[in-house]
Every structure is written in structure tokens, then in C-alpha cells.
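# Remarks on the overall topology
Next come the chains, spelled out residue by residue.
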Amino acid sequence: SQKIEQNSEALNIQEGKTATLTCNYTNYSPAYLQWYRQDPGRGPVFLLLIRENEKEKRKERLKVTFDTTLKQSLFHITASQPADSATYLCALDGSSASKIIFGSGTRLSIRP
Amino acid sequence: DTAVSQTPKYLVTQMGNDKSIKCEQNLGHDTMYWYKQDSKKFLKIMFSYNNKELIINETVPNRFSPKSPDKAHLNLHINSLELGDSAVYFCASSRTATRQETQYFGPGTRLLVL
């Protein structure tokens, strides 16, 4: 069955450094991959979408890569700030229309 | 002008009771969803409606019954609540039901069954 793993439950890094989060998937060939941010007590908020034929996507300090050979996506936040502290979820399109499958998330903490 | 709103925000109730959660979106989207997020933060889809028609129905006990009176509203009714139903329930919407659509989430309803 389809499986998504975000291999760090929590990540703690120093302000100003680049945060790198990993999303791996198995038994699966998604056409799209999305990253969401979730703050405590709130719903997830969409950040970026990358298609299977795109290697990299950028938005301001965010960068996402998608390696369909490794079955992996990396999510980078450069020049990290304490305000970037949140849980980040990767999501893959499911086998049927409109269905998205979410990973369990990585809780990122940026210390000043 | 909240995009996706849910009521109530908190719901504390006794086992065996019946409760409803309401969701409304003002984005003009065709597709709406219910997700359950458990204590381990796993977000799992429960149902999806497209233009008031049910298109996704995951393996959910039939105590859960969604209703979509129009495409801007998707309500969730839960009968005979059990302890394991305690979770955060999120409503979401997307412009269409196609696979690459971004989903817009509500603030969540925190359900605690005692």
C-alpha cells in the first residue's frame, strides 16, 4: 500500500541556518507533491506544489525538490527565522481524483 | 471574511451522544472534504464531496454521516460517539476535484469524548 514517511518527527536548528525536511514515499508514483505548514491549533496552509516532471520549485526562502527515482522530496527553508517554527506536512496526490495523502509531519523549531 | 469556517471550535461530549460539526466555504470551490487528525498528528481523509455529490468515502464507521446541502456547505454528523472519536476534525475545500488542486483548510474542531 501507499506509504509516506517524513523521517524526522522534530528538527531543531539555529536561526539563520538552512532547514531541510525530507519526505519519502513507497509503492507509489505521485504526479504531484505538495508541502503545507501547520501552526499549533490551526489548519494546514498550502506552501508549494511540485509536479513529477519538475526537479525544483522555489518561492522566496523556500525550495522544494522532487526526485522520482529516489522517491523523495526535500523541503528547504533558507535563512531560517523563529517565525518559521511550525509543523510541515508533505502531501501526495492519491490514486483517485481529489484524494491527497498526508505525511505525519515534521515539527521544526528555529532557536534564536 | 474567513475562507473556510467550522463550528464549533471545541466540542466536549459524553460517550454515546450524537453531535454535528458544520463547515462553510466562501471561496466558490466545487469540492469539500472532511479530515481527521489524531493525537499523532496524522491527517487522514474521511469524505470528499464534489458539487454536493459524494466522491470519496474512506473506511469510516457508518456512525459518521456527511451531508452537503449545497456546494458551499459540508456538515458532519456523528452518532453514538466513542472515546476513539476524540480528535481534531478539519474541513477543507479545493477549487475542483482534480488531483493537483491546493486544499484550503478550516481552523479545525477539537472533539473530546468522555
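For the structure, check the block above.
The notes below deal with the structure included here. (Residues numbered from 1 in each chain as written. Chains lettered and ligands numbered in written order. Predicted model: local features only at pLDDT ≥ 70, side-chain atom pairs only at ≥ 80, totals over all residues. Heavy atoms only, no water.)

Further remarks concern the interface of chain B and chain A. The figure often quoted for interface size is the accessible area lost as the parts come together. Facing the 25 residues of chain B at the interface are 21 residues of chain A. In this assembly, chain B packs against chain A so that about 1,800 Å² is buried in total across both faces, 54% of it on carbon and sulfur atoms. Counting every contact that joins chain B to chain A gives zero salt bridges. Summed over the shared surface of chain B and chain A, the result is four residue pairs in polar contact (both at pLDDT 80 or more). Broken down by secondary-structure element, the contributors of at least two residues to the side of chain B that touches chain A are β4 (31-37), β5 (43-50) and β6 (53-57) of chain B. (Contact = heavy atoms within 4.5 Å. Buried area = accessible area lost by both parts, 1.4 Å probe. Salt bridge = Lys/Arg side-chain N within 4 Å of Asp/Glu carboxyl O. Polar contact = N/O pair within 3.5 Å; in protein donor to acceptor, adjacent residues only side chain to side chain. Helix = DSSP H or I, 4+ residues; strand = E, 2+ residues; numbered from the N terminus.)

Residues and elements named next belong to chain B. Of the strand pairs in this sheet, β5 and β6 are connected by four bridges, and their pairing is antiparallel. Each bridged residue has a counterpart across the sheet, and for Tyr49 the counterpart in β6 is Leu54. A loop of two residues connects β5 with β6, the two strands running antiparallel in sequence, and Asn51 in this loop sits at a positive phi of about 50 degrees. (Pairing = 2+ DSSP bridges.)

Glancing now at the nonpolar core. A:Leu21, A:Trp35, A:Phe75, A:Ile77, A:Tyr88 and A:Leu108 are the most contacted members of the largest nonpolar core, which totals 23 residues. Of all the secondary-structure elements, those providing two or more residues to this core are β3 (19-26), β4 (32-38), β5 (45-51), β7 (62-67), β8 (72-77), β9 (86-93) and β11 (106-111) of chain A. Judged by nonpolar contacts, the second largest core, of 19 residues, contains B:Leu11, B:Phe64, B:Cys91 and B:Leu111. (Core = buried A, V, L, I, M, F, W, Y, C linked by side-chain atoms within 4.5 Å. Buried < 20%, exposed > 50% of the residue type's maximum accessible area, 1.4 Å probe, protein only.)

With that settled, consider the state of the cysteines. All names here are of chain A. Counted under the stated rule, the structure contains two disulfides over all chains. Covalently, Cys23 is tied to Cys90 through a disulfide, its sulfur atoms 2.0 Å apart. Linking Cys23 and Cys90, the disulfide has an S-S dihedral of approximately 60 degrees and is accordingly described as right-handed. Separated by 67 residues along the polypeptide, Cys23 in strand β3 and Cys90 in strand β9 bring together distant segments of the chain. Both residues of the pair, Cys23 and Cys90, belong to the buried class. (Disulfide = S-S within 2.5 Å.)

Interpretation note: all reported values are geometric properties and have no functional meaning in isolation.
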